[in-house]
Structures are given as structure tokens and as C-alpha cells.
Amino acid sequence: MPARESESLILRTYPYREADLVVSFVSREQGKLRGIARAARRPKSRWGSGLESLAHVRLFYFLRENQELARLDRCELQSPPLFLKADYSVSVAQAFVAEVSEKLLPEHEPNDAYFRLLLLVLDEMKEGVNGKLTTGSTVSPGNAEGPLVESNGPADATSKPRTAGPPSSDVPVWLRRTLVYFALWSLRLGGWLAPLDVCVQSGVELGPGETAYFDRGQDGLYSADFRNADSWPLSALSRQLARSMLRHSLPDLRESLGQSANQADLFRFLTQRLEFHFEQRLKSAAVLSQL
């Protein structure tokens, strides 16, 4: 049984037997794997906070060829776990990142680009919770952007901004930007991102100032000519924002994106595309709709 070690990110844990945990994690060298952490649920577990969701660790494990579950031996934290300083909105954001990664990544297939995306997103969250990201402000019921994911149903481009009542937690603009960036690049790296400037119905290019539309049944954007009762609008500003995110790294966007940049419609479009390919709803996205 060969011993291995790898830089890894913990995704999720599941109870197993009386005191053990099944751990889903992403190894930089081996891709997504699952393993058993013995006695991890006991009060004096030697694992400490190393198995928390999105913990960045160096993981030591044993894995036989063609074996489904690895046997985890120990882990070493590579950085302080984010949950120690995370508020509710950041905790939900972490759950979203973990859930998307769990569903998107196939097992035993290394994906260094996606691993680097996860590290980039985690670094941005750590900068945010440590108070180092001051661009923008938080979202309140009177903010023109409204909730991160609006849940009141489709509307056309002329509809007035809606609010969903008092939010469960204020969502910082830096966190909204981070989640949009993560969802966009998850689609890109998964090979599922349709062109942002072409109507999927006609094949005609969308104008730079044109509002596009989308719904759960179409794998891309379309023009107003094909709008229906289930359509959601995606503004030209949001399409421009997506193009900027595809060209620049997340830290480079901190100053260029002001708090007035609309991200709610773009995030809705991206999460719907992810759910379309996963063929199921994202539970964490539903919680984000309440923030």
C-alpha cells in the first residue's frame, strides 16, 4: 500500500461508522479523491481543524490501485483555516465553492488550473475577512443591486430593482465579486461557458450595448426577439463585466470594479448554467438567494 502526500483542499466530510469521517478532497497531483479519517469525530481527535471545508493542507494517505477510498494518515495545515474568522455570508460562500467543486470535478483526474482557481478564491476570501479589501460596501435592503440572487421570478429589462426583504446577512461587494468570478471560471474550465456575445437561437452577434436574455432551458444567451415568459435579462454591463473577469486575475479586478457594477443578474445566469449541467439545483445557491 503506497504512502502518498499531496497539497490538497478539503471539500466535504461525511459521517462514517461510529467515530470516522469520509473525506472528499482535491489533491493537486491526483485530482478529487475520497478517504477515511479514523476517529476524526471523537472529542480529542488528532485531526483538529485540518478537515474543515476548504482547509488548505498537506495530506498524507495510503491508496491502493483501483481502491475507491484512501486511508488518510495525517494532515498539516498550510494556512490558518478560513472558518475561524468567517461570518455567515462567507460561510455560505465557502459552501457554494465546495458544492460546485464537488459536483464539477471527476474523480482521479488532476486539474491544476481548477486547483489554482480554488487557491485564488480562498486567498481573496482570506484578504476580505482580514479587512484588507476595502473597495465597495455591503449590501443592504435599500441598495440598488438587491440580493446576490433574486428569487422573485423572471422580469424584463425595464422592471424596477426588487428587494427580498431584510437580508440574513450583509454581503460585502468583494465577496459578491469573488463568487461571480469563481462561477464564471468554473464554467470556463468545465468547458460549459457559451459565447457571451452570440445569440444561441439565431447565431447573430449581440450588440455591445444590447440586453441579452437567458432561461434554464437554453444553454446560452439570446436576443430580445426570442424572449419568453421564463426569460431573465442580462445587462450589457454584466456581459462586459464577465469579459473583464475572463481577461484579468481576481486581485487585478479589485480597483477596476466599483460597487455600482451589477453582479446579481450575472451570478444568476452562471448558477443556472452550472445547475443545467449538473442536472440538479445547488443547495448553497438557494441559501445565497436569501442573503
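Along every chain, residues carry numbers that run from 1 in the direction the sequence is written. Where totals are concerned, whole chains, interfaces and linings use all residues; where local detail is concerned, this predicted model gives features only for residues with pLDDT of at least 70, and gives and counts side-chain atom pairs only at 80 or more. Values shown for side chains rest on all heavy atoms present in the structure; no hydrogens or waters enter the calculation.

Here we come to the overall build of the chain. A helix here means a DSSP run of H or I that spans at least four residues, while a strand means a run of E at least two residues long, and both kinds are numbered starting from the N terminus. Within the chain, the secondary structure is distributed over six helices and seven strands. Start at the N end of the chain and walk to the C end: the helices and strands fall as β-β-β-β-β-α-α-α-β-β-α-α-α. Note on exposure labels: buried denotes an accessible area under 20% of the residue type's maximum, exposed denotes more than 50%, and partly exposed covers the range between, all computed with a 1.4 Å probe on protein chains only. Among the 291 residues that make up the chain, the fraction classed as buried is 49%. Residue contacts follow a heavy-atom distance rule, with two residues in contact if any of their heavy atoms lie within 4.5 Å. Partitioning the contacts of the chain with sequence separation of at least 6, the portion at a separation of at least 24 is 66%. Using a 1.4 Å probe, accessible areas were evaluated by the Shrake-Rupley method; residue-level cover was limited to the displayed protein chains. Of the roughly 13,600 Å² of accessible surface on the chain, a fraction of 47% belongs to carbon and sulfur atoms.

Strands qualify as paired when DSSP identifies two bridges or more between them. With respect to topology, five strands assemble into a closed barrel ordered E1-E2-E3-E5-E4, the strand pairing being mixed. Strand after strand, the sheet turns through a mean of 55 degrees between neighbouring axes, direction not considered. In this structure, strand E1 (residues 3-16) lies alongside strand E2 (residues 20-27), joined through eight bridges in antiparallel fashion. Counted as the bridge partner of Thr13 is Val23 from E2. All axes here are fitted lines through C-alpha atoms, helices being fitted over the stretch that makes contact, and every angle between N-to-C directions spans 0 to 180 degrees. Sitting on the sheet, helix H1 (residues 88-104) touches E1, E2 and strand E3 (31-37), and the angle it makes with E1 is about 105 degrees. Packing of helix H2 (residues 112-129) onto the sheet brings it into contact with E1, E2 and strand E4 (56-62), and relative to E1 it is tilted by some 70 degrees.

Attention now moves to the environment of Lys85. Tracing the chain through its elements places Lys85 in the loop between strand E5 (70-77) and H1. Expressed as a C-alpha distance, the spacing of Lys85 and Asn130, which sit 45 residues apart in the sequence, is 7.8 Å.

Here we take up the confidence of the model for the chain. When pLDDT is averaged along the chain, the result is 85, and 84% of the positions lie at 70 or above. Per-residue confidence from the predictor is given as pLDDT, running between 0 and 100. Scored below 50 in pLDDT, residues 155-169 shows 31 contacts in the model against residues more than four places distant or in partner chains.

Let's shift gears to the pattern of salt bridges. Between side chains of opposite charge, pairing is possible as soon as their charged atoms come close. Salt bridges are counted wherever a side-chain nitrogen of Lys or Arg sits within 4 Å of a carboxyl oxygen of Asp or Glu. If you walk through the whole model with that rule in mind, you get 16 salt bridges. Among the ionic pairs, Asp112 bridges to Arg116, the shortest N-O distance being 2.9 Å. Remark: Arg116 and Asp112 occur in helix H2; sequence separation between them is four residues, near one turn of the helix. Residue Asp112 is classed as partly exposed on the basis of its relative accessible area of 35%. A salt bridge links Arg273 to Asp219; the nearest nitrogen and oxygen atoms lie 3.3 Å apart. Placement of the pair is Arg273 in helix H5 (residues 264-278) and Asp219 in the loop between strand E6 (212-214) and strand E7 (232-234), with a sequence separation of 54 residues.

Now for the pairing of E5. As paired strands, E3 and E5 are joined by two bridges and run parallel to one another. Considered in E5, the bridge of Gly35 is made with Ala70. Alignment of E4 against E5, held across six bridges, turns out to be antiparallel. Residue pairing in the sheet places Phe60 in a bridge with Arg74 of E5.

All right, on to the packing of aromatic side chains then. The geometry of two aromatic rings is summed up by the distance between their centres and the angle between their planes. Under the pairing criterion, centres of Phe, Tyr and Trp rings, with the six-membered ring standing for Trp, must be within 6.5 Å; the plane angle then separates stacked pairs below 30 degrees from edge-to-face pairs above 60, leaving the rest tilted. Using the criterion set out here, one finds seven aromatic pairs in the structure. Geometrically, the ring pair formed by Phe96 and Phe182 is edge-to-face, given 6.1 Å between the ring centres and 80 degrees between the ring planes. Of the two residues, Phe96 is situated in helix H1 and Phe182 in helix H3 (residues 173-190); the sequence distance between them amounts to 86 residues. Each member of the pair, Phe96 as well as Phe182, is classed as buried. Residues Tyr114 and Phe182 carry aromatic rings whose centres are separated by 6.3 Å and whose planes lie at 65 degrees to one another, so their mutual orientation is edge-to-face.

Multiply 1.5 Å by the residue count of a helix minus one, and that product is the helix's expected span. Here H3 contains 18 residues, and its C-alpha end-to-end distance of 26 Å stays within 8% of the 26 Å for a straight helix at 1.5 Å per residue. Of all 18 residues in H3, 15 are buried; the element is thus mostly enclosed.

Before going further, it helps to spend a moment on unusual backbone geometry. Even without a glycine there, the phi angle at Leu54 is positive, about 65 degrees. Within the secondary structure, Leu54 is located in the loop between E3 and E4. The backbone phi angle of His108 is positive, close to 60 degrees, even though this residue is not glycine. Checked against the element boundaries, His108 lands in the loop between H1 and H2. Taking relative accessible area as the criterion, His108 reaches 40% and is therefore assigned partly exposed.

Moving on: the packing of H2 against H3. Two elements in contact, H2 and H3, have axes separated by 10 Å at closest approach and are oriented at 175 degrees. By the angle between their axes, H2 is roughly antiparallel relative to H3. Where H2 approaches H3, its residues Ala113, Tyr114, Leu117, Leu118, Leu120, Val121, Glu124, Met125, Gly128 and Val129 are matched on the opposing element by Trp174, Leu175, Arg177, Thr178, Leu179, Tyr181, Phe182, Trp185, Ser186 and Leu189. Only Asp, Glu, Lys and Arg are considered charged in this grouping, and only Ala, Val, Leu, Ile, Met, Phe, Trp, Tyr, Cys and Pro are considered nonpolar; every other residue, Gly among them, is considered polar. Its residues assigned to classes, the contact of H2 with H3 comprises 15 nonpolar, three polar and two charged. An angle below 35 degrees is read as roughly parallel, one above 145 as roughly antiparallel, one from 65 to 115 as roughly perpendicular, and any other as oblique.

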